[in-house]
Amino acid sequence: MDGQGIPQPVFSRQFGQGDRQVLALHCTLGHSGAWRGLAAQFEDAATFTGFDMLGHGRSPDWDGRGDPQDRITEIAETFLTDRMDVIGHSFGATVALRLAVAHPDRVRSLTLVEPVYFCFAAQDDPEALATHDKDALVFSEQLDRGDYEAGTRLFNEMWGGAGVSWADMPEPARAGMIRSIRFVHACSTPLYDDPAGIMQPGRLDRATMPALLLRGTESHPVTKAINDAIARRLPDARDVVIEGAGHMLPITHPAEVAAPLRALFDRAGE
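Presented here is an overview of the structure given in this document.

Parameters and conventions
- Residues numbered from 1 in each chain as written.
- Predicted model: local features only at pLDDT ≥ 70, side-chain atom pairs only at ≥ 80, totals over all residues.
- Heavy atoms only, no water.
- Disulfide = S-S within 2.5 Å.
- Helix = DSSP H or I, 4+ residues; strand = E, 2+ residues; numbered from the N terminus.
- Buried < 20%, exposed > 50% of the residue type's maximum accessible area, 1.4 Å probe, protein only.
- Axes fitted to C-alpha atoms, helices over the stretch in contact; angles between N-to-C directions.
- Parallel < 35°, antiparallel > 145°, perpendicular 65-115°, else oblique.
- Contact = heavy atoms within 4.5 Å.
- Nonpolar A, V, L, I, M, F, W, Y, C, P; charged D, E, K, R; others polar.
- Pairing = 2+ DSSP bridges.
- Lys, Arg positive; Asp, Glu negative; His and termini not counted.
- Salt bridge = Lys/Arg side-chain N within 4 Å of Asp/Glu carboxyl O.
- Polar contact = N/O pair within 3.5 Å; in protein donor to acceptor, adjacent residues only side chain to side chain.
- Phe/Tyr/Trp six-rings, centres within 6.5 Å; stacked < 30°, edge-to-face > 60°.
- Lys NZ or Arg CZ within 6 Å of the ring centre and 35° of its normal.

With respect to the state of the cysteines
Applying the stated criterion to the full structure yields zero disulfides. Considering cysteine sulfurs only, Cys187 is the nearest to Cys27, which forms no disulfide, with 12 Å between them.

As for unusual backbone geometry
Among all residues except glycine, the phi angle is most often negative; among peptide bonds, the trans geometry is most common. The phi dihedral of Glu43 is positive, around 45 degrees, even though this residue is not glycine. Inspection of the secondary structure puts Glu43 in the loop between helix H1 (36-40) and strand S3 (46-51). A positive phi angle is found at Glu114, which is not glycine, with a value near 45 degrees. Classification of Glu114 as buried rests on a relative accessible area of 0%.

Re the packing of helix H5 (residues 126-144) against helix H6 (residues 148-159)
One way to put it is that H5 packs onto H6 with a least axis distance of 6 Å and a crossing angle of 155 degrees. Relative to H6, the element H5 lies roughly antiparallel. Seen from H5, the contacting residues are His132, Asp135, Ala136, Val138, Phe139, Gln142 and Leu143; seen from H6, they are Tyr148, Ala150, Gly151, Thr152, Leu154, Phe155, Met158 and Trp159. Of the residues assigned to the contact of H5 with H6, the class counts are 10 nonpolar, four polar and one charged.

Considering the sheet that holds strand S5 (residues 107-113)
Here we have seven strands laid out as an open sheet, ordered S1-S3-S2-S4-S5-S6-S7, and mixed in their pairing. If you trace the sheet from one side to the other, it starts and ends with strand S1 (12-15) and strand S7 (237-242), each paired once. Strand-to-strand twist in this sheet, taken as the mean axis angle between neighbours without regard to direction, amounts to 20 degrees. Bridging between strand S4 (residues 84-89) and S5 involves six bridges; their strand directions are parallel. Bridged to Val86 within S5 is Leu110. Most of the contacts of helix H2 (residues 68-79) go to S3, to which it runs at about 145 degrees, and overall it touches S1, strand S2 (20-25), S3 and S4.

Things to note about the side chain of Arg215
Within the secondary structure, Arg215 is located in strand S6 (residues 211-216). Among buried charged residues, Arg215 stands out as having no salt bridge; its nearest opposite-charge side chain is Asp239, 4.9 Å away. When residues no more than four places from it in sequence are discounted, the contact partners of Arg215 are Glu114, Thr223, Lys224, Asn227, Val240, Val241, Ile242 and Leu249.

Some words on the side chain of Asp194
The topology assignment puts Asp194 in the loop between helix H9 (188-192) and S6. As a buried residue without a salt bridge, Asp194 has its nearest oppositely charged side chain in Arg203, at a separation of 6.8 Å. Separated by 2.9 Å, the side chain of Asp194 and the backbone nitrogen of Ile198 make a polar contact. Once residues lying within four places of it in the same chain are set aside, the contact partners of Asp194 are Tyr117, Cys119, Thr189, Met199 and Gln200.

Points about the packing of aromatic side chains
If you walk through the whole model with that rule in mind, you get eight aromatic pairs. Considering the side-chain rings of Phe42 and Phe265, the 5.5 Å spacing of their centres and the 45 degrees angle between planes classify their relative orientation as tilted. In this pair, Phe42 sits in the loop between H1 and S3 while Phe265 sits in helix H12 (residues 254-268), placing the two residues 223 residues apart along the sequence. Classification of Phe265 by relative accessible area gives buried; the value is 6%. An angle of 70 degrees between the planes, with centres 5.6 Å apart, marks the rings of Tyr117 and Phe120 as edge-to-face. In this structure Phe120 comes out as buried when scored by relative accessible area, which is 0%. Pairwise contacts between aromatic rings join Phe42, Phe48 and Phe265 into one cluster. Taking the ring centre of Tyr148 as reference, the NZ or CZ of Arg182 above it sits at 3.9 Å. In this structure, Arg262 is placed above the aromatic ring of Phe42, and the distance from its NZ or CZ to the ring centre is 5.1 Å.

This is the structure we're talking about:
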């Protein structure tokens, strides 16, 4: 499927055939196929729609115009129909939060899986953010040198915990991640400086739908700081921690993620 009506058409796909419509937004260095396992947990109860972000999967490279988070949000809006459950993972979760604030009438429920909205940690837990930034130097210094393969491997080691190791990953998957790694630096400004103004007083009050924040016990500590900060600001949010999971929990722990997601769908209604 190709998304139309946007400056750069993207590849999209669907999983399941259920009446409940779910829009799922993948993480940086991932692609829409990452939702296959979670969607399978819902059998015929829901239809998951996902698209490959620019520079990822089967979508074209980002053309460098505008703010990358703005661009991905605009693309996501073309897939957002009335009364959808919106799920986002990592960078995709930052886009999901923006959708919920901009279109509360169209988002039935909101699920944020370890959103990397570092500006929330900067305000609420600067120590956790400082630790993250220090740890991130191991890959960001490689990217600054132009060694994208080493930078991607080290990024994957930091954020791919409990997932497939770099050495065990098929070559096409490694090549796809190396292609996407430039997106990490490009997205630094929207994630740290919040040019979209998502943290402005009262902005998150608009997202009145039932919300769920998920993280794994093995993830970087900054994810707890961010999840806690967002949960405090949303009108109707519940925070769930998945034991033994790392940052890639929608892929590595689909059954454990599906359980609180079903409860959220029940809260949100039809």
